[in-house]
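# Residue-level structural notes
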Amino acid sequence: MLFSWLRTAGRLPLPARSFSNVATASSAKLQEQALEEKCILVNDHDQATGSASKRDCHRVDPDGNIRLHRAFSVFLFNSAGDMLLQRRSVEKITFPDCYTNACCSHPLYDIEGEREELNALGIRRAAQRRLNYELGIPMAQARPENFHYITRIHYADRGDGTWGEHEIDYILFLQKDVDLKPNDSEVSEVRYIPRSGLTDAIARLDAPLTPWFRLILQHRLQLWWDNLPNLKQYENHKQIERF
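All values derive from a computational prediction rather than experimental measurement.

Time to look at the pairing of strand 3 (residues 48-53). For a regular strand, the rule is simple: side chains alternate between the two faces of the sheet. Where strand 2 (residues 38-42) and strand 3 come together, five bridges link them in antiparallel fashion. Paired with L41 across the bridge in strand 3 is G50.

Shown next, in the form of structure tokens:
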């Protein structure tokens, strides 16, 4: 699938609505298979307590509880300071067809290197892997050392009542010009938006925001975005933030 890139706030849609039945079935199968991957379970202090499948980590139980697990959110900016926004595929199990930041996923328990906690190295490795898988960004363009780890956020959202989120979410910033080749089983649309056009761009979206993106947008994103060259002053690696 070919993309023509413009560094503007304009929409750059994938032809998601014209996918063939075969492509749609294939995407749904990939999403179902991904539910068997194992996430890292943690307690409220982000201490690893074991593992569970993505299915078990995102299923809302009869009491409304969701198992707490480790995750990350990548915010990607180009050299001009514009932020990449993606629209999740309609085939996604959790929060399908919602707008969100560049990449949101999990380190996997079965990948030993992604369990490494020192300097959030496992998280950075997982972010590199998922940027490659979701957006087609070459591994060499998003190395673990390129990510700026800012803080962790503990949040929960029951979603549709069947599938939801309950995560210790590591916030990673990456400012770099990258090559994109989005995976249409994961992403249906991508666009860059400028800081000055953020409010208008969000207001014009024709689909909801994911809960984690909405939360970060409300509490921290604009401050961090205004200080892209000086993010170190906002690092908080000791406390887990809860809004």
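Before going further, it helps to examine empty space enclosed by the protein. Taken as a whole and assessed by the stated rule, the structure comprises one cavity of 30 Å³ or more. For the largest cavity, the calculated volume is near 30 Å³. Forming the walls of the largest cavity are R70, E114, E116, E117, A120, I123 and Y170. Its residues placed into classes, the lining of the largest cavity shows three nonpolar, no polar and four charged.

Glancing now at the pattern of salt bridges. Considering all chains together, one arrives at 17 salt bridges under this definition. A salt bridge links R87 to D97; the nearest nitrogen and oxygen atoms lie 2.8 Å apart. In this pair, R87 is assigned in strand 5 (residues 83-88) and D97 in the loop between strand 5 and strand 6 (99-100), connecting sequence segments 10 residues apart. Per residue, the accessibility class of R87 equals that of D97, and both read buried.

Below, the discussion takes up the layout of surface pockets. Here the largest pocket is characterised by a volume of approximately 400 Å³. Here the element with the most residues in the lining of the largest pocket is helix 1 (residues 21-34); it accounts for four residues. Across the lining of the largest pocket, the residue classes tally to 11 nonpolar, seven polar and 10 charged.

This part takes up helix 3 (residues 121-135). Three or four residues apart is the spacing at which side chains of an α-helix point the same way, because the helix has 3.6 residues per turn. A rise of 1.5 Å per residue sets the reference length of helix 3, with its 15 residues, at 21 Å; its end C-alpha atoms lie 21 Å apart and thus fit the reference within 8%. Restricting attention to buried positions, one finds in helix 3 the residues G122, I123, R124, A126, A127, Q128, R130, L131, E134 and L135. Of the residues trailing helix 3, G136 is marked for its positive phi of about 70°.

Here we take up the environment of E32. Positionally, E32 belongs in helix 1. Sequence separation between E32 and R55 is 23 residues, and the spatial gap between their C-alpha atoms is 8.9 Å.

Time to look at the environment of L198. Among the secondary structure elements, L198 is positioned in helix 4 (residues 198-204). Separated by 116 residues in sequence, L198 and D82 have C-alpha atoms that sit 9.6 Å apart. Apart from the residues lying within four places of it in its own chain, the contact partners of L198 are I193, L217, Q222 and W225.

Parameters and conventions
- Residues numbered from 1 in each chain as written.
- Predicted model: local features only at pLDDT ≥ 70, side-chain atom pairs only at ≥ 80, totals over all residues.
- Heavy atoms only, no water.
- Pairing = 2+ DSSP bridges.
- Helix = DSSP H or I, 4+ residues; strand = E, 2+ residues; numbered from the N terminus.
- 1 Å grid on protein atoms, 1.4 Å probe; cavity = no way out; pocket = protein on both sides within 12 Å on 5 of 7 lines; lining within 4 Å.
- Points joined across faces, edges and corners; volume = space filled by probe spheres on them.
- Nonpolar A, V, L, I, M, F, W, Y, C, P; charged D, E, K, R; others polar.
- Salt bridge = Lys/Arg side-chain N within 4 Å of Asp/Glu carboxyl O.
- Buried < 20%, exposed > 50% of the residue type's maximum accessible area, 1.4 Å probe, protein only.
- Expected span 1.5 Å × (residues − 1).
- Contact = heavy atoms within 4.5 Å.

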